[in-house]
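As a plain string of letters, each chain reads:
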Amino acid sequence: ANSLLQGGCASFLQNVTTTLMIGASPNNPEVSARKTCLQCLGAMILAWCADDPSQDSVPGFRQFIMDQMLPEVCFRPIIEGKVNAKDAAQSGLIGEMAAMLINLYKRCGESACQ
């Protein structure tokens, strides 16, 4: 994940994160692709978010996760019933959502719960 920040690639960062969000969205019928996108975003949280928000490697990434990613990809699909916990593949998807939330809490602490 940190390689995106080196060699002048920072300009592509927004496109990458937006693409991962689209890939993780419930509109993507491929559950395995959704899981992979969530895993990537979880790794980015660990790599780019610091305990102190002013020390984040990628300014604005934390806010992107809180304002766009969590509601659209983690919470809304579950609330709207777009994830079937009885389906084995989709239950794995719920596990990836939970792992991403755990990573977010590890890095952002209580601010992730507000």
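As a reminder, the structure under discussion sits directly above these lines.
### Quick look at the side chain of Asn103
Move 1: Relative to the helices and strands, Asn103 is located in helix α4 (residues 88-108).
Move 2: Take Asn103: its relative accessible area is 14%, and that puts it in the buried class.
Move 3: A distance of 3.3 Å separates a polar side-chain atom of Asn103 from the backbone oxygen of Gly42.
Move 4: Discounting residues that sit within four places of it in the chain, Asn103 has contacts with Gly42, Ala43, Ile45 and Leu46.

### Here we look at helix α1 (residues 13-24)
Move 1: In a regular helix each residue adds 1.5 Å, so twelve residues correspond to 16 Å; α1 covers 16 Å between its end C-alpha atoms and thus fits that length.
Move 2: Considered for burial, the residues of α1 that qualify are Leu13, Thr17, Leu20, Met21, Gly23 and Ala24. All buried residues of α1 fall inside an arc of 165° around its axis, so they share one side. Every exposed residue of α1 that faces more than 90 degrees away from the buried side is listed here: Gln14, Asn15, Thr19 and Ile22.
Move 3: Here the buried face of α1 lies against α2 (31-48) and α3 (61-79).

### Here's the deal with the packing of α1 against α2
Move 1: At their nearest, the axes of α1 and α2 sit 7 Å apart, and the two run at 140° to each other. Taken together, the axes of α1 and α2 are oblique relative to one another. As α1 packs across α2, the resulting crossing turns out to be left-handed. For the pair formed by α1 and α2, the contact residues are Leu13, Val16, Thr17, Leu20, Met21, Gly23 and Ala24 on the first element and Ala33, Arg34, Cys37, Leu38, Cys40, Leu41, Met44 and Trp48 on the second.

### Some points on the nonpolar core
Move 1: The biggest cluster of nonpolar side chains holds 27 residues, and the ones touching the most others in it are Leu38, Phe61, Ile65, Met69 and Met100.
Move 2: Sorting the residues of this core by element identifies α1, α2, α3 and α4 as the ones contributing at least two each.
Move 3: Looking at which element gives the most residues to this core, the answer is α3, with eight residues.
Move 4: Those residues in contact with Met69 that sit more than four places away from it in its chain are Met21, Ala24, Leu38, Leu41, Phe64, Cys74 and Met100.

### Some points on the side chain of Gln90
Move 1: With respect to the helices, strands and loops of the structure, Gln90 is situated in helix α4.
Move 2: The buried category is assigned to Gln90, whose relative accessible area is 18%.
Move 3: Of the polar contacts made by the side chain of Gln90, one reaches the backbone nitrogen of Asn84; its length is 2.5 Å.
Move 4: Ignoring anything within four residues of it in the chain, the contact list for Gln90 reads Val31, Lys82, Val83 and Asn84.

### Here's the deal with α2
Move 1: Between its first and last C-alpha, α2 extends 25 Å over 18 residues, near the 26 Å set by a 1.5 Å rise per residue.
Move 2: Taken together, the buried positions of α2 are Val31, Arg34, Cys37, Leu38, Leu41, Gly42, Met44, Ile45 and Trp48. Buried residues of α2 fall within an arc of 160° about the axis and therefore sit on the same side.
Move 3: The inward-facing, buried residues of α2 contact α1, α3 and α4.

Reading the values: the criteria
- Residues numbered from 1 in each chain as written.
- Predicted model: local features only at pLDDT ≥ 70, side-chain atom pairs only at ≥ 80, totals over all residues.
- Heavy atoms only, no water.
- Helix = DSSP H or I, 4+ residues; strand = E, 2+ residues; numbered from the N terminus.
- Buried < 20%, exposed > 50% of the residue type's maximum accessible area, 1.4 Å probe, protein only.
- Polar contact = N/O pair within 3.5 Å; in protein donor to acceptor, adjacent residues only side chain to side chain.
- Contact = heavy atoms within 4.5 Å.
- Expected span 1.5 Å × (residues − 1).
- Arc of directions from axis to C-beta.
- Axes fitted to C-alpha atoms, helices over the stretch in contact; angles between N-to-C directions.
- Parallel < 35°, antiparallel > 145°, perpendicular 65-115°, else oblique.
- Left-handed = near helix turned anticlockwise from the far one by under 90°.
- Core = buried A, V, L, I, M, F, W, Y, C linked by side-chain atoms within 4.5 Å.

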